[in-house]
Every structure is written in C-alpha cells, then in structure tokens.
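Each chain is listed here by its residues.
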Amino acid sequence: PIACNVILTGLSFYVFYHHLSVLPYHRYTINLIRGGTFCSLLWVSFGALVCTCIQQGTGQTDVSKIGPNDILQTLQWIILGCIPVSFAFGMYQVYATREALYALLDRLYGECEVQKLMVDTRGNPMGNVVKRLKDDEVIQILPKPVMIKLNKRSPYEKFYDVRWEGKRA
C-alpha cells in the first residue's frame, strides 16, 4: 500500500503542477476551482501516504484496532480538517500564477514599446537605453485608432453586385 500511495501522491503532484503551468481554461473561475480541487487531492493523497507510513511503522496493520484516541485517528481528522485550507491554497496558487503571467506580459509589452520608440523613421536604432514605461507613457505612445470608412450599399447593390465586388461568375 505504501508504493500505491507514493505513486498516487506523485501523480497528484504532476497533475497539479501541470495545471498551474498551463491553466488550460479561458474562464478564470474554472481554473480556480480545478486548482483548488487538484491541491485538495494532492493533500489527501499525501495524508494517506503519511498515515500508511505511520501505520506500517508502528505495526498496526489491522484497521479495526485503531481506537478513537489513537494518533492515527487524530491524524486522519487533521487531514480531513485541512482539506478546505488546501483548496484555498490551490486557488491562491492559480491566482499567483495568473498574476505572474500578467506581470510578464506587461514587462514584455513595455520592452516592445521601448524598442519601437528607439527606432527612428528609417529603421535605424537611436540608442540602446531600455527603461520601464509607465501606463500613461504607454498610452501616449500607442497609435490612435483611425476611423474606417464603410461603403453602404443598398439592398439592390448587395443582391445584384453591380460593381462586381464579389467577383462571381
């Protein structure tokens, strides 16, 4: 049973780690719930491993002989009581991972904008000083949106395509 618990704990860690490294869903709440659930499963599998090791170490192989005041019973209650804490910890890990990704994206965006500033109109670099831009500086650098002119066509022109824009035969 110890080998099975070691494998189960390892796989639980593997799933939780890869969930944090990928964050597979676009919906933030689903990633939060899955992160909390995977961390809870990791906690329970780790607790089962610890209980099994203590049980094998003390020689208590018969589960029916575990009394209500025994250390294993107390440890199992502690593991069950900490499941909500591990769920919250898993949700926090997803939150921290997401914030770290956003901070990285902000830094990369700032560096890209600085590189754009440092190139003159002919494409020659003007210098190699790299600095972090503030939000208001980035807004001033960004190009302003241009108004797009839409050609309104009447239903007759849409149906018959008199200007051959559809290039139909």
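Quick look at the structure, then. Just so you know, the residues in each chain are numbered from 1, in the order the chain's sequence is written. Where totals are concerned, whole chains, interfaces and linings use all residues; where local detail is concerned, this predicted model gives features only for residues with pLDDT of at least 70, and gives and counts side-chain atom pairs only at 80 or more. Just so you know, side-chain values use all the structure's heavy atoms and leave hydrogens and water out.

### Looking at the overall build of the chain
Working step 1: Secondary structure summary: the chain contains six helices and zero strands in total.
Working step 2: Per-residue accessibility, obtained with a 1.4 Å probe over protein chains only, is compared with the maximum for each type, and a residue is labelled buried under 20%, exposed over 50%, and partly exposed between these values. Within the span of the chain, comprising 169 residues, buried residues form 21% of the whole.
Working step 3: Between two residues, a contact is recorded if the distance between any of their heavy atoms is within 4.5 Å. Looking at the chain alone, contacts between residues at least 24 apart form 57% of all its contacts between residues at least 6 apart.
Working step 4: For the area figures, the Shrake-Rupley method with a 1.4 Å probe applies, and any residue is considered shielded solely by the protein chains shown. With the model as given, the accessible surface of the chain reaches about 13100 Å², and the carbon-plus-sulfur share is 66%. Under the scheme used here, helices are H or I runs from DSSP no shorter than 4 residues and strands are E runs no shorter than 2 residues, and both carry numbers assigned from the N terminus.

### A look at the environment of Asn-5
Working step 1: Structurally, Asn-5 can be placed in helix α1 (residues 2-22).
Working step 2: Residues Asn-5 and Phe-46, spaced 41 residues apart in sequence, show a C-alpha to C-alpha distance of 7.7 Å.

### Some remarks on the packing of aromatic side chains
Working step 1: Only the six-membered ring of Trp is used, alongside the rings of Phe and Tyr, when aromatic pairs are assigned; centres must lie within 6.5 Å, and planes under 30 degrees apart are stacked while those over 60 apart are edge-to-face, with the rest tilted. As enumerated under the stated definition, the model contains three aromatic pairs in all.
Working step 2: Relative to Tyr-95, the ring of Tyr-92 has its centre 6.3 Å away and its plane inclined at 40°; by these criteria the two rings are tilted. Remark: Tyr-95 and Tyr-92 occur in helix α4 (residues 83-117); sequence separation between them is three residues, near one turn of the helix.
Working step 3: Taking the relative accessible area as the measure of exposure, Tyr-92 reaches 49% and is therefore partly exposed.

### Some remarks on the nonpolar core
Working step 1: We call a set of buried residues a nonpolar core when its members are Ala, Val, Leu, Ile, Met, Phe, Trp, Tyr or Cys and they connect through side-chain atoms within 4.5 Å of each other. Ranked by size, the top nonpolar core spans eight residues in total: Phe-16, Leu-20, Leu-23, Leu-32, Phe-38, Cys-39, Leu-42 and Val-94.
Working step 2: Going through the elements one at a time, α1 and α2 (28-58) are the ones with two or more residues in this core.
Working step 3: Filtering out sequence-adjacent residues up to four positions away, Phe-16 remains in contact with Gly-35, Phe-38, Cys-39, Leu-42, Gly-90 and Gln-93.

### Topic: unusual backbone geometry
Working step 1: A positive phi angle, near 45°, is found at Leu-23, a position not held by glycine.
Working step 2: On the secondary structure map, Leu-23 appears in the loop between α1 and α2.

### Section: a nonpolar patch on the surface
Working step 1: Patch members must show over 30% relative accessible area and no salt bridge, and they are joined within 9 Å when carrying like charges or within 5 Å when they are nonpolar side chains of Val, Leu, Ile, Met, Phe, Trp or Tyr. Criterion for a salt bridge: a side-chain nitrogen of Lys or Arg within 4 Å of a carboxyl oxygen of Asp or Glu. Judged by side-chain polarity, Leu-101, Tyr-102, Leu-104, Leu-105 and Leu-108 come together as a nonpolar surface patch covering roughly 450 Å² of accessible area.
Working step 2: Tracing the chain through its elements places Tyr-102 in helix α4.

### Some thoughts on α4
Working step 1: Expected helix span is computed as 1.5 Å times (number of residues minus one). Here α4 spans 51 Å end to end across 35 residues, near enough to the 51 Å set by a 1.5 Å rise per residue.
Working step 2: Every buried residue of α4 is accounted for by Ser-86, Gly-90, Val-94, Thr-97, Gly-110, Glu-113 and Val-114.

### A closer look at the packing of α2 against α4
Working step 1: Direction vectors running N to C along α2 and α4 enclose 135°, while the axes themselves pass 7 Å from each other. Between α2 and α4, the angle falls in the class oblique. At the point where α2 passes α4, the crossing takes the right-handed sense. Packed against α2, whose contacting residues are Tyr-28, Asn-31, Leu-32, Ile-33, Gly-35, Gly-36, Thr-37, Cys-39, Ser-40, Trp-43 and Val-44, the element α4 presents Ile-83, Ser-86, Phe-87, Phe-89, Gly-90, Met-91, Val-94, Tyr-95 and Arg-98 at the interface.
Working step 2: Each residue belonging to the contact of α2 with α4 can be placed in one class, and the counts come to 12 nonpolar, seven polar and one charged. Helix axes are fitted to C-alpha atoms over the stretch in contact, other axes to C-alpha atoms as well, and angles between N-to-C directions run from 0 to 180 degrees. Between 65 and 115 degrees an angle is taken as roughly perpendicular, under 35 as roughly parallel, over 145 as roughly antiparallel, and anywhere else as oblique. A crossing counts as left-handed when the near helix is turned anticlockwise from the far one by less than a right angle, and as right-handed when that turn is clockwise. Classification convention: Asp, Glu, Lys, Arg as charged; Ala, Val, Leu, Ile, Met, Phe, Trp, Tyr, Cys, Pro as nonpolar; all other residues, Gly among them, as polar.

### Digging into the side chain of Asn-31
Working step 1: Within the secondary structure layout, Asn-31 lies in helix α2.
Working step 2: Apart from residues no more than four positions distant in its own chain, Asn-31 is found in contact with His-19, Leu-23, Pro-24, Tyr-25 and Val-94.

### What to know about α2
Working step 1: Taking 1.5 Å as the rise per residue, α2 with 31 residues should run 45 Å; its terminal C-alpha atoms sit 45 Å apart, in good agreement.
Working step 2: Looking one or two residues past α2, Gly-59 carries a phi angle of roughly 85°, positive in sign.

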